[in-house]
Amino acid sequence: MTAITAKQAGLVSCHVCGLVSRRPAIGDGHCPRCHARLHLRKKDSLTRTWAFLVAAMICYLPANMLPVMKTVTLGRTQTDTILSGVYYLFSHGQWPLALIVFVASVLVPLGKVILLAFLLASVHGRWTGRMVIRTRVYRLVDFVGRWSMVDVYVVTVLAALVSLGNLATVTPQPGIVFFGAVVVLTMFAAMSFDPRLMWDAAESNAHE
């Protein structure tokens, strides 16, 4: 038996509560459960995803080049970027923590940008292969993105806990703002992207 899509079956998913219901014959209609307006696909999905993704790309470089934290200990001042913080942890034997920070703060944001750009390109190119794998890639990107905030949490916790007056102080620096922007923008990009567009593009390509 040939499988059909929800679109072909006349079904639509609510973008607010996720309820799947039958699409009205006229107009978009409203969700039976939460009464939100129904849309067959996320409105302007590709445009909004590209906008968030390009903004994240712009913020990524200063997020890694600018200092994220300034430490003053007994009159000595030290500023650290994400990478210098990773190197400091690794050189002092804290390689598990260094690995966690490097993966969560460097590899994950960069990987999200690359994978989202890949998924967007697959829609524009109307690729037909490996649809299930690409859908799983999107779900992975959407799931792991929030864990990039670990670096922001570290700086925030340190700034709150290390309050020893003249002995030691920790203050956030501009790099942490750009890094937080990268994380939030990539999360918005993943939320804006509609993976069903990949199936639509592949279907339209197959029918040509």
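Residues numbered from 1 in each chain as written. Predicted model: local features only at pLDDT ≥ 70, side-chain atom pairs only at ≥ 80, totals over all residues. Heavy atoms only, no water.

Asks: Give me the lowdown on the overall build of the chain, citing residues and values where you can.
Replies: Tallying secondary structure elements over the chain gives seven helices and five strands in all. From first element to last, N terminus to C terminus, the chain shows the α and β order β-β-α-β-β-α-α-α-α-β-α-α. Here the chain holds 208 residues, and 35% of them are scored as buried. Within the chain, contacts between residues at least 6 apart in sequence are counted, and of these 65% link residues at least 24 apart. (Helix = DSSP H or I, 4+ residues; strand = E, 2+ residues; numbered from the N terminus. Buried < 20%, exposed > 50% of the residue type's maximum accessible area, 1.4 Å probe, protein only. Contact = heavy atoms within 4.5 Å.)

Asks: Residue-level account of the nonpolar core, with values.
Replies: Generally speaking, soluble globular proteins have nonpolar side chains that are buried together. The biggest cluster of nonpolar side chains holds 17 residues, and the ones touching the most others in it are Leu-53, Leu-116, Leu-119, Val-123, Phe-193 and Met-198. For this core, the elements supplying multiple residues, two or more each, are helix 3 (95-124), helix 4 (131-144), helix 6 (174-192) and helix 7 (196-206). Of all the elements, helix 3 adds the most residues to this core, at six residues. In contact with Leu-53, other than residues within four places in its own chain, are Val-113, Leu-116, Ala-117, Leu-120 and Ala-189. Counting residues in each nonpolar core, the second largest holds 14 residues, with Cys-59, Ala-63, Val-170 and Phe-179 among its members. (Core = buried A, V, L, I, M, F, W, Y, C linked by side-chain atoms within 4.5 Å.)

Asks: Just give me the short version of the pattern of salt bridges, but keep the residues and values in it.
Replies: A side chain of one charge can pair with a side chain of the opposite charge when the charged atoms of the two come close. Counting across every chain of the model gives one salt bridge. Two residues, Asp-194 and Arg-196, come together in a salt bridge whose shortest N-O distance is 2.9 Å. (Salt bridge = Lys/Arg side-chain N within 4 Å of Asp/Glu carboxyl O.)

Asks: Explain the packing of helix 1 (residues 45-65) against helix 6 residue by residue, including any values.
Replies: Closest axis-to-axis distance for the helix 1/helix 6 pair is 8 Å, and the angle between their directions is 160 degrees. Regarding the angle of helix 1 to helix 6, the classification is roughly antiparallel. Judged by the sense of rotation from one axis to the other, the crossing of helix 1 with helix 6 is left-handed. Of helix 6, the residues touching helix 1 (which contributes Ser-45, Arg-48, Thr-49, Phe-52, Leu-53, Ala-55, Ala-56, Cys-59, Tyr-60, Pro-62 and Ala-63) are Gly-175, Phe-178, Phe-179, Ala-181, Val-182, Leu-185, Thr-186, Phe-188, Ala-189 and Ser-192. Residue composition of the contact of helix 1 with helix 6, grouped by class: 15 nonpolar, five polar and one charged. (Axes fitted to C-alpha atoms, helices over the stretch in contact; angles between N-to-C directions. Parallel < 35°, antiparallel > 145°, perpendicular 65-115°, else oblique. Left-handed = near helix turned anticlockwise from the far one by under 90°. Nonpolar A, V, L, I, M, F, W, Y, C, P; charged D, E, K, R; others polar.)

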